[in-house]
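Residue-level structural notes
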Amino acid sequence: MNNPTPSRLLAADDFRREAAPQLSSVRLLVVGDVMLDRYWFGDVSRISPEAPVPVVRIQKREERLGGAANVARNAAALGAHTGLLGVAGADEAGDQMEQLLQDGGIHSYLKRDESISTIIKLRVIGRQQQMVRIDFEDAPTENVLRDKLTQFKALLPDYDVIILSDYNKGSLVNVAEMIALARAAGKIVLVDPKGDDFTPYRGASILTPNRSELQQVVGGWKTEEQLLEKAQKLREELGLDALLLTRSEEGMSLFTRDEVLHVHADAREVFDVSGAGDTVIATLATMLGAKAPLAEALVTANRAGGIVVGKLGTATVTREELFSA
C-alpha cells in the first residue's frame, strides 16, 4: 500500500482505571437470533451395547440464554440497561427464556411466534467434555418479522447503542434497514456478522467478524500486510467506522481509517470458547456507550474475552471481575 496505515500494539493492562467506569448509564439494545442453551451433565461409565457410543447418565440440567440473548446477558452483567428484541416460539422453551431474561434484569421485547419452536441448542456433557450437541430450530414467519421491525423503530429513541447479533437463523432479514434507521438516529451500531456476504451490514459503526467469518468474505491471507489490505478495503467498501477481527489465540486487530490497533489474547486458561464472541461485542458496545475511547474499549473487551473462556459454556463477566486489579 502506498500510504501504510499506522499500527499500534496495545498492552493487556493498558487503560487500567483507579475506579471502574459507570456502565449503569448505558442504554443498550440487542437485536438478533435468540436461543436457549440447554446443558445436560452426567457421568460416563460404559459403552452402549446398541452402538459404539458412550452412555451418559444425566445427573444435572442447566438452562442459559444463548445467541443474541447471551449478548444481552453479558451486557446486563456489566451493569448496562439492556433490552432484547428477538423472536421465540410460543412454547415452553420460550417461556423459560422469558424467565431467564427477567432473572437477568433484561428488558424483554421478544416476539412470540406460534408457528415455530424456540431455537434450542442441547449439549450433553460427560466428565466435563461435550459428547454431542443437538439443535432444534425454525425460521421466524414473515408477519412476526414485520412486527419486529415496527417495534425496533419504536424502541430506537430509548437506546444509545445497538448490537445486531446475527447467527444466520432468520431473525435479521431486515438488518440493512435497521442499520440505516439506527445510524440516521445517531446511534452506535455494532454487528456480529454471519455468512459470505457482508453488504447487508453496510453503514454500521463496527463489524466484529472472527477469522473464519472474515475469510469467507475476503479470502485467505498469508501475511499481515495482505490482511491489512483486505480488511481496510472491506471496511471502506462497507462504510464502517471500524472493523474488529477477533483472532482466537492471536488476540484482536481493530482496523480504522487512521490506524490499526492490535492486542494480544488475554486468556490465562482456555476452558471453553463458546460464547466468547458474545462477551467481546457486549463489552465493546457497553464501553463505547460509556464514552470510553475506542482503544480502551478494545483492551477491555479483550480482557473480558480472556476471562470468559476460562468458564464452562456460555458465561458472563461481571463489572467487578473485569475491573479488579
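Residues numbered from 1 in each chain as written. Predicted model: local features only at pLDDT ≥ 70, side-chain atom pairs only at ≥ 80, totals over all residues. Heavy atoms only, no water.

1. Quick word on the overall build of the protein chain
Secondary structure assignment for the protein chain yields 9 helices and 16 strands. In summary, the protein chain has a C-alpha radius of gyration of 20 Å against a globular reference of 20 Å for 325 residues, a match within 12%. Its C-alpha atoms give the protein chain principal-axis dimensions of roughly 65 × 45 × 45 Å. Taking all 325 residues of the protein chain together, the buried fraction comes to 51%. When contacts within the protein chain are restricted to residue pairs at least 6 apart in sequence, long-range pairs at least 24 apart make up 68% of them. Total accessible area computed for the protein chain in this model is approximately 14,900 Å², and 46% of it derives from carbon and sulfur atoms. (Helix = DSSP H or I, 4+ residues; strand = E, 2+ residues; numbered from the N terminus. Rg over C-alpha atoms; globule rule 2.2 N^0.38 Å. Buried < 20%, exposed > 50% of the residue type's maximum accessible area, 1.4 Å probe, protein only. Contact = heavy atoms within 4.5 Å. Areas by Shrake-Rupley, 256 points an atom, 1.4 Å probe, with all protein chains shown as cover.)

2. Quick word on the sheet that holds strand 9 (residues 120–126)
Ordered by their spatial adjacency, 4 strands build an open sheet running 4-3-9-10, and the pairing between neighbours is mixed. Every other strand in the sheet has two partners, leaving strand 4 (54–67) and strand 10 (129–136) as the edge strands with one partner each. Strand-to-strand, the axes of this sheet are offset by a mean angle of 20°, without reference to chain direction. As paired elements, strand 3 (residues 34–47) and strand 9 share 7 bridges and run parallel to each other. Note that in strand 9 the partner of Phe 41 across the bridge is Ile 125. (Pairing = 2+ DSSP bridges. Axes fitted to C-alpha atoms, helices over the stretch in contact; angles between N-to-C directions.)

3. Some thoughts on helix 3 (residues 142–155)
The first and last C-alpha atoms of helix 3 sit 20 Å apart over 14 residues, in line with the 20 Å expected at 1.5 Å per residue. Residues of helix 3 that are buried include every one of Val 144, Leu 145, Lys 148, Leu 149, Phe 152 and Leu 155, and no others. All buried residues of helix 3 fall inside an arc of 145° around its axis, so they share one side. Within helix 3, the exposed residues directed more than 90 degrees away from the buried face are Glu 142 and Ala 154. (Expected span 1.5 Å × (residues − 1). Arc of directions from axis to C-beta.)

4. Section: the sheet that holds strand 5 (residues 81–85)
Pairing is mixed in the open sheet, where 10 strands are placed in the order 1-16-15-14-13-12-11-2-5-7. Where the open sheet ends on each side, the last strands, each with one partner, are strand 1 (7–10) and strand 7 (107–108). Here 2 bridges tie strand 13 (residues 206–207) to strand 14 (residues 242–246), and the two strands are oriented parallel to one another. Looking at the pairing, Leu 207 lines up with Leu 243 of strand 14. Against the sheet, helix 7 (residues 276–289) engages strand 2 (27–32), strand 11 (161–165), strand 12 (188–192), strand 13, strand 14 and strand 15 (252–256), with an angle of about 175° to strand 12.

5. Brief notes about the environment of Leu 288
Structurally, Leu 288 is set in helix 7. With a relative accessible area of 12%, Leu 288 lands in the buried category. Distance from Leu 288 to Asp 147, taken between C-alpha atoms, is 29 Å for residues 141 residues apart in sequence. Residues within four places of Leu 288 in sequence aside, it is in contact with Ile 188, Leu 190, Ile 206, Leu 294 and Ala 297.

6. A short note on the pattern of salt bridges
Taken as a whole and assessed by the stated rule, the structure comprises 22 salt bridges. Salt-bridge contacts for Asp 43 lead to Arg 127; the nearest nitrogen and oxygen are separated by 4.0 Å. With Asp 43 in strand 3 and Arg 127 in the loop between strand 9 and strand 10, this pair connects stretches of sequence that are 84 residues apart. Given a relative accessible area of 33%, Asp 43 falls into the partly exposed group. Residue classification places Arg 127 among the exposed residues on the basis of a relative accessible area of 61%. (Salt bridge = Lys/Arg side-chain N within 4 Å of Asp/Glu carboxyl O.)

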